[in-house]
Amino acid sequence: QSWNGLPLEKRNGGSVWIPGSYDPVHNLAFFAPGNTYDTGPLRNPITQPGVTSDALYLDSTLALQPDTGKLAWHFQHQANGQWDLDWAFERMVLQLPINGLPQNVVVTAGKQMIFDIVEAETGRYLSSIDLGLQNLVTSIDPKSGAKITDPNLLPGDGKTKMICPHVSGGRGWMPTSYEPATKILYVPIVEACMDLVPVAEGERGSLSTGVRWTVRPRPESDGKYGRLQALNLETRKTAWVERQRAPLTTGTLVTAGGVVFVGSLDRMILAYDAATGAQIWKTRLNDVPSSAPISYSAKGQEYIAVVVGPGGYQSNSYDVLVPEIQNPPDHGAAI
């Protein structure tokens, strides 16, 4: 009864983008459905008892019992997502101090870079951390975690809406990385926004509310789009931020040796001091790094490997913002 009265055959979306996460303590597997592009039928709530337009289980964390496939619990991070700002990324199973006591939790963030923290065993909402780079969610209910959105930013009324971040994310599907010893999470971010522009009558939009998205800088942009942010999940404070012109195009990797790696649209792979954010080195690759870097050792030597080759939305969405970055026209994948 959460799909605004739509029959089952009219409900769609909820794509699972990435592998799930497993909690061996509670024997639960966590999966992350995204949202739907068919937003039109969900836009205007119908007035019918017992019916909502929340649209379960879009933009939710699903906790499944792997032995039976049964749903143990769910938590919806964003009800009725009308903006294609998915919550479809990695679910991190961590132990964090909650009210002074260690607790097993699940932490995740959608494209808006709001991190939700829920109990791993029950899905009970605990808290959120908003990195402050979005303009859509105006408040979060401290008990339920429900997001209150700016009603003026609801698309479909024939007006252009400026939404931060862009549909490809503040953070996209490229994964964050976490250092348990310091409780610091390393987040790859692109500082960009979008205009949701009404389409002409008869034209199909990106969303069925009749809009398409375009990319634009943040209103106060200084021209730096790539942002690497170190967030302490225990203190809920940012340890450091490093910003650059080129948008980031990879996930992050933090190693036990205290080094963080990330790649960007200018074909660079960059290494930073995990504690301070100081850049250690950078190397230009033959094409755009567009994956999650990995670390491995061979014959006593440690190496970093990353797949290059543009094509995904992390590497294709932001070219117009940085026209001076000219990459090879003949794309080819390599390691």
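As the structure is a prediction and not an experimental result, all values here were calculated from the model.

Q: Please explain the state of the cysteines as it appears in this structure.
A: Each disulfide consists of one covalent bond between the sulfur atoms belonging to two cysteines. Within this structure, the stated rule accounts for one disulfide. One disulfide bridge connects Cys-164 with Cys-193, the sulfur atoms lying 2.0 Å from each other. Judged by the sign of its S-S torsion, about 95°, the bond between Cys-164 and Cys-193 is right-handed. One end of the pair, Cys-164, is in the loop between strand E11 (161–163) and strand E12 (177–179); the other, Cys-193, is in strand E14 (residues 192–198), with 29 residues separating them in the sequence. Here the two residues Cys-164 and Cys-193 agree in accessibility, since each one is buried.

Q: Sorry, what's going on with the sheet that holds E14 here?
A: Hydrogen bonds along the backbone pair up the strands of a sheet, which may run parallel or antiparallel. One open sheet accounts for three strands, arranged E11-E14-E15; its pairing is antiparallel. Edge positions in the sheet fall to E11 and strand E15 (211–217), since each has one partner strand and no second. For this sheet the average axis-to-axis angle between neighbouring strands, irrespective of direction, equals 25°.

Q: Can you help me understand the sheet that holds strand E1 (residues 21–23) in this one?
A: Taken in spatial order, the four strands of this open sheet run E1-E2-E3-E4, and their pairing is antiparallel. Of all the strands in the sheet, just E1 and strand E4 (71–76) have a single pairing partner and so form its edges. Strand-to-strand, the axes of this sheet are offset by a mean angle of 20°, without reference to chain direction. Relative to strand E3 (residues 60–64), strand E2 (residues 28–31) is paired through three bridges, and the arrangement is antiparallel. Its bridge partner being in E3, Phe-30 is matched across the sheet by Ala-63.

Q: Got a minute to help me understand the layout of surface pockets in this structure?
A: Remark: the empty space left among the atoms is shown by a probe the size of a water molecule rolled over them. Considering only enclosed or pocket space, the largest pocket measures out at about 190 Å³ in volume. Forming the boundary of the largest pocket are Arg-43, Pro-45, Ser-53, Asp-54, Gln-78, Ala-79, Asn-80, Gln-82, Trp-83, Lys-147, Thr-149 and Leu-154. Classifying every residue of the lining of the largest pocket by side-chain character gives four nonpolar, five polar and three charged.

Q: I tried to follow the environment of Gly-172 on my own but got confused; where do I start?
A: Tracing the chain through its elements places Gly-172 in the loop between E11 and E12. Taking the relative accessible area as the measure of exposure, Gly-172 reaches 2% and is therefore buried. The spatial distance from the C-alpha of Gly-172 to the C-alpha of Lys-161 is 21 Å, given a sequence separation of eleven residues. Not counting residues up to four positions away in its chain, the partners in contact with Gly-172 are Phe-89, Tyr-313 and Gln-314.

Q: What should I look at first to understand the environment of Pro-24 in this one?
A: Here Pro-24 lies in the loop between E1 and E2. For Pro-24, a relative accessible area of 60% corresponds to the exposed category. For the pair formed by Pro-24 and Trp-213, sequence separation is 189 residues and the distance between their alpha carbons is 41 Å.

Q: In this structure, what is going on with the packing of aromatic side chains? I would like to understand it.
A: Between two aromatic rings, the relevant description is the distance of the centres plus the angle of the planes. Counted according to the given criterion, the structure contains seven aromatic pairs. Geometrically, the ring pair formed by Trp-17 and Phe-89 is edge-to-face, given 5.3 Å between the ring centres and 80° between the ring planes. Of this pair, Trp-17 sits in the segment before E1 while Phe-89 sits in the loop between E4 and strand E5 (92–98); the two residues are 72 residues apart in sequence, bridging distant segments of the chain. Residue classification places Trp-17 among the partly exposed positions, given a relative accessible area of 32%.

Analysis parameters
- Residues numbered from 1 in each chain as written.
- Predicted model: local features only at pLDDT ≥ 70, side-chain atom pairs only at ≥ 80, totals over all residues.
- Heavy atoms only, no water.
- Disulfide = S-S within 2.5 Å.
- Helix = DSSP H or I, 4+ residues; strand = E, 2+ residues; numbered from the N terminus.
- Buried < 20%, exposed > 50% of the residue type's maximum accessible area, 1.4 Å probe, protein only.
- Pairing = 2+ DSSP bridges.
- Axes fitted to C-alpha atoms, helices over the stretch in contact; angles between N-to-C directions.
- 1 Å grid on protein atoms, 1.4 Å probe; cavity = no way out; pocket = protein on both sides within 12 Å on 5 of 7 lines; lining within 4 Å.
- Points joined across faces, edges and corners; volume = space filled by probe spheres on them.
- Nonpolar A, V, L, I, M, F, W, Y, C, P; charged D, E, K, R; others polar.
- Contact = heavy atoms within 4.5 Å.
- Phe/Tyr/Trp six-rings, centres within 6.5 Å; stacked < 30°, edge-to-face > 60°.

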